[in-house]
Amino acid sequence: MFDGTFTADPQQIYDRVRAHGPAGPVELAPGVDATLVVEHETALRVLQNPSLFARDSRRWKALNEGRVPLDSPILAMMAYRPNCLFTDGAVHLRLRQAVTATFDRLNMTRLRRDVEPIADFLIDQFSERGRADLINDYAKMLPLLLFNKLFGCPADIGDSLTGSLGALFDGIDVQRANAELTASLMRLISIKRRQPADDVTSWLIQHPAGLTDEELKDQLVMLMGAGFEPQRNLIGHALHLLLSKEGSGGSGMLIEEAIDHVLWHNPPIANYAAHFPLRDVDLGGVIAEANSPVVISFAGANSDPALKEARESHNKGAHLAWGAGPHSCPAKDPALVIAITAIERILNALPDLALTVPDEQLQWRPGPFQHALAALPVRFSPTPATRMVAALQTAAPLPPAEQPGAPAAAEPERQGQPAPKRGFWSTLVDLFRV
Ligand code: HEM
């Protein structure tokens, strides 16, 4: 699942695995073996059975025996971290409750209002050019900037987070980026402990689970990691569909329909959820060995022939794009609001958007966990870059506590230091203040 054959046509690999039965052996990366589940019913059996299938990857036998190369790119996604994704039982429940209670406090109307100026700001960056890459100029940047807003980041911390997360996801100077990410988050946590506000970081701190700074940092990293990649893919792939012949170019598909189509046919997380069976388990004739990774193919399960009818009617309930069981996505509703708002905003702003390359020439990013576009080149009639300022002038002013970057006074440690290099987030924070 790491070479060009998989990147070009993942479905062909799922079909080949299906020929073995509900699951079959795959190589996720050189030297990294796993069992991939491609049948819907078996996927549910694994996802919903935490007493037999653990998520704690410290059980991983091949890794513990030194049979997984320590420089394998796969480890960034599969090695244990003390967060919701890799914990089980009571430890998972405590972390998960803090995360779900935090998401419950998000107001969907306010979330839309947070997405809109960020979308406008990004569109302004390229609207005068008449050309853009909707993945790298829009779908990738929007969640990064939005998370800064939701997490209540002051200007300099937001710039640093955007830079380090971007570098981490692109695999550039990973060690430095990781250190910078940790330092920025620790500073953010310290600011929010002293001066709580109406944001995700403060809500996590306030949760009765009483997370330590270290635990808070690990959950924030996970939220960014778990949120960024699928959000980018969902926005990018739905835009691709809407602009292609299959979408509004042809049949006039609605945004929600395009999103449902993507969730069924190209789920933003294609394969993930590594489970470690507590004992050898027979998965319909294929033995999943104790403490060896069983990976769920959300894309494979969605394309299971048994689901043909649900798939064709785009039944929202049956696909596995949001996972299932105790680790299913806790951010489904906000993720949908973010995607719909981001897509609406750009289609309204640039009504003659058109793809500039045929589908056969689109590039896909390599890797076993997603089937994701590397770029989505488009053209449109150039328009002046005035959206962001106009939108903020017509919007009701935000109360001071809600303004991004408000806690300047809460950052005494930066006083007297030279002003850091300005990035996207600090520019945006200034615009929010117009
Ligand atoms: C945009 C579309 C999104 C999709 C399709 C999606 C999909 C998923 C899936 C399939 C899982 C299960 C993974 C597993 O079992 O290993 C998951 C888990 C998770 N997602 Fe999402 N996600 C999306 C957006 C987000 C966003 C925006 C956030 C947060 C900002 C988020 C936070 C999480 C978290 C924290 C978990 C782990 C929950 C746990 O282990 O208890 N997701 N997501």
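Description of the structure in this document. (Residues numbered from 1 in each chain as written. Predicted model: local features only at pLDDT ≥ 70, side-chain atom pairs only at ≥ 80, totals over all residues. Heavy atoms only, no water.)

1. Some points on the overall build of the protein chain
Here is step 1 of the chain: Each helix and strand counted, the protein chain has 19 helices and twelve strands in total.
Here is step 2 of the chain: Within the protein chain, the fraction of its 434 residues that count as buried is 54%.
Here is step 3 of the chain: Expressed as a percentage of contacts within the protein chain between residues at least 6 apart in sequence, the contacts between residues at least 24 apart total 72%.
Here is step 4 of the chain: Surface summary for the protein chain: the accessible area is close to 18,700 Å², and the carbon and sulfur share equals 55%. (Helix = DSSP H or I, 4+ residues; strand = E, 2+ residues; numbered from the N terminus. Buried < 20%, exposed > 50% of the residue type's maximum accessible area, 1.4 Å probe, protein only. Contact = heavy atoms within 4.5 Å. Areas by Shrake-Rupley, 256 points an atom, 1.4 Å probe, with all protein chains shown as cover.)

2. A closer look at the coordination of the iron atom of the ligand
Here is step 1 of the chain: In this structure the iron atom of the ligand is ligated by exactly one protein donor, Cys329 (SG), at 2.4 Å.
Here is step 2 of the chain: Here Cys329 shows up in the loop between α16 (308–312) and α17 (332–349). (Donors = N, O, S within 2.8 Å, 3.2 Å for Na, K, Ca; no water.)

3. Section: the sheet that holds strand β8 (residues 294–297)
Here is step 1 of the chain: With mixed pairing, the five strands of this open sheet are ordered in space as β1-β2-β8-β5-β3. A single partner strand is all that each edge strand has here, and the edge strands are β1 (23–29) and β3 (53–54).
Here is step 2 of the chain: Alignment of strand β5 (residues 271–277) against β8, held across three bridges, turns out to be antiparallel. Bridging from a neighbouring strand, Tyr272 pairs with Ile296 of β8.
Here is step 3 of the chain: Against the sheet, helix α2 (residues 10–18) makes contact with β1, β2 (32–37), β5 and β8, and its axis sits at roughly 140° relative to β1, the strand it touches most.
Here is step 4 of the chain: Of the strands in this sheet, β2, β3, β5 and β8 touch helix α3 (residues 40–47), which is tilted by about 130° from β8. (Pairing = 2+ DSSP bridges. Axes fitted to C-alpha atoms, helices over the stretch in contact; angles between N-to-C directions.)

4. Describing the packing of helix α13 (residues 213–243) against α17
Here is step 1 of the chain: Closest axis-to-axis distance for the α13/α17 pair is 10 Å, and the angle between their directions is 40°. Looking at the two axes, α13 sits oblique to α17. Remark: the crossing between α13 and α17 carries right-handed chirality. Along the contact surface, α13 presents Gln231, Leu234, Ile235, Ala238, Leu239, Leu242 and Leu243, while α17 presents Ala335, Ile338, Ala339, Ala342, Ile343, Ile346 and Leu347. (Parallel < 35°, antiparallel > 145°, perpendicular 65-115°, else oblique. Left-handed = near helix turned anticlockwise from the far one by under 90°.)

5. Concerning the site of the ligand
Here is step 1 of the chain: Surveying the vicinity of the ligand reveals 28 residues, the closest of which are Arg55, His92, Arg96, His327 and Cys329.
Here is step 2 of the chain: Between the ligand and Arg55 there is a distance of 2.5 Å, counted from an oxygen atom to a side-chain nitrogen or oxygen.
Here is step 3 of the chain: A per-element tally of the shell around the ligand places α13 first, with seven residues.
Here is step 4 of the chain: In the shell around the ligand, the residues fall into 21 nonpolar, five polar and two charged.
Here is step 5 of the chain: Structurally, the shell around the ligand is a two-domain feature, drawing no fewer than three residues from each of domain 1 (1–100 + 270–320) and domain 2 (106–268 + 331–434). (Near = heavy atom within 4 Å. Polar contact = N/O pair within 3.5 Å; in protein donor to acceptor, adjacent residues only side chain to side chain. Nonpolar A, V, L, I, M, F, W, Y, C, P; charged D, E, K, R; others polar. Domains from an automatic or database assignment.)

6. Here's the deal with the side chain of Asp304
Here is step 1 of the chain: Positionally, Asp304 belongs in the loop between α15 (298–302) and α16.
Here is step 2 of the chain: Of the buried charged residues, Asp304 lacks a salt bridge, with Arg18 as the closest side chain of opposite charge at 4.6 Å.
Here is step 3 of the chain: A distance of 2.8 Å separates a polar atom in the side chain of Asp304 from the backbone nitrogen of Ala306.
Here is step 4 of the chain: Beyond its immediate chain neighbours, meaning those up to four positions away, Asp304 contacts Arg18, Val38, Glu39, His40 and Arg311. (Lys, Arg positive; Asp, Glu negative; His and termini not counted. Salt bridge = Lys/Arg side-chain N within 4 Å of Asp/Glu carboxyl O.)

7. Some points on the environment of Pro368
Here is step 1 of the chain: Among the secondary structure elements, Pro368 is positioned in the loop between β10 (364–365) and β11 (372–373).
Here is step 2 of the chain: A sequence separation of 366 residues divides Pro368 from Phe2, and the C-alpha atoms of the two residues are 5.8 Å apart.
Here is step 3 of the chain: Beyond its immediate stretch of four places on either side in the chain, Pro368 contacts Met1, Phe6, Leu28, Ile74 and Asn271.

8. Side note on the sheet that holds strand β4 (residues 131–133)
Here is step 1 of the chain: One open sheet holds the three strands; their spatial order is β4-β12-β9, and the pairing between them is antiparallel. Both edges of this open sheet fall to β4 and β9 (354–355), since each of them pairs with a single strand only.

9. As for the packing of aromatic side chains
Here is step 1 of the chain: Scanning all chains against the criterion turns up five aromatic pairs.
Here is step 2 of the chain: The lysine or arginine in question, Arg58, covers the ring of Tyr80, its NZ or CZ lying 3.8 Å from the ring centre. (Phe/Tyr/Trp six-rings, centres within 6.5 Å; stacked < 30°, edge-to-face > 60°. Lys NZ or Arg CZ within 6 Å of the ring centre and 35° of its normal.)

10. Details of the pattern of salt bridges
Here is step 1 of the chain: Throughout the structure, instances matching the rule amount to 19 salt bridges.
Here is step 2 of the chain: Asp198 is the partner of Arg110 in a salt bridge, and the nearest nitrogen-oxygen pair spans 3.2 Å. Here Arg110 is found in helix α7 (residues 108–126), whereas its partner Asp198 is found in the loop between α11 (174–194) and α12 (200–206), with 88 residues between them in sequence.
Here is step 3 of the chain: Arg110 gets classed as partly exposed once you look at its relative accessible area, which sits at 22%.
Here is step 4 of the chain: Judged by its relative accessible area of 40%, Asp198 is partly exposed.
Here is step 5 of the chain: Of the charged contacts, one joins Lys192 and Asp199 as a salt bridge, the two residues approaching to 2.8 Å between their closest N and O atoms.

11. Notes on the environment of Val46
Here is step 1 of the chain: Locating Val46 in the fold gives a position in helix α3.
Here is step 2 of the chain: Spatially, the C-alpha atom of Val46 lies 9.5 Å from that of Ala324, the residues being 278 residues apart in sequence.

12. Let's talk about the pairing of β8
Regular strands place their side chains on alternate faces of the sheet.
Here is step 1 of the chain: Side-chain alternation along β8 places Val294 and Ile296 on one buried face and Val295 and Ser297 on a second face that is also buried.
Here is step 2 of the chain: Note that β2 and β8 share three bridges and pair parallel. Within the sheet, the bridge partner assigned to Leu36 lies in β8 and is Val295.

13. Some details on unusual backbone geometry
Here is step 1 of the chain: Look at Ala273: it is not a glycine, yet its phi comes out positive at around 55°.
Here is step 2 of the chain: Here Ala273 shows up in strand β5.
Here is step 3 of the chain: On the basis of relative accessible area, Ala273 is assigned to the buried category, the value being 4%.
Here is step 4 of the chain: Despite not being glycine, Asn291 shows a phi value in the positive range, around 60°.
Here is step 5 of the chain: Along the chain, the position of Asn291 falls in the loop between β7 (286–288) and β8.

14. A word on helix α10 (residues 155–170)
Here is step 1 of the chain: With 16 residues, α10 should reach 22 Å at 1.5 Å per residue; the first-to-last C-alpha distance of 23 Å fits that figure.
Here is step 2 of the chain: Among the residues making up α10, those that are buried are Asp156, Ile157, Gly158, Asp159, Ser160, Leu161, Thr162, Ser164, Leu165, Gly166 and Ala167.
Here is step 3 of the chain: Downstream of α10 by a residue or two, Gly171 has a phi angle that is positive, lying close to 70°. (Expected span 1.5 Å × (residues − 1).)

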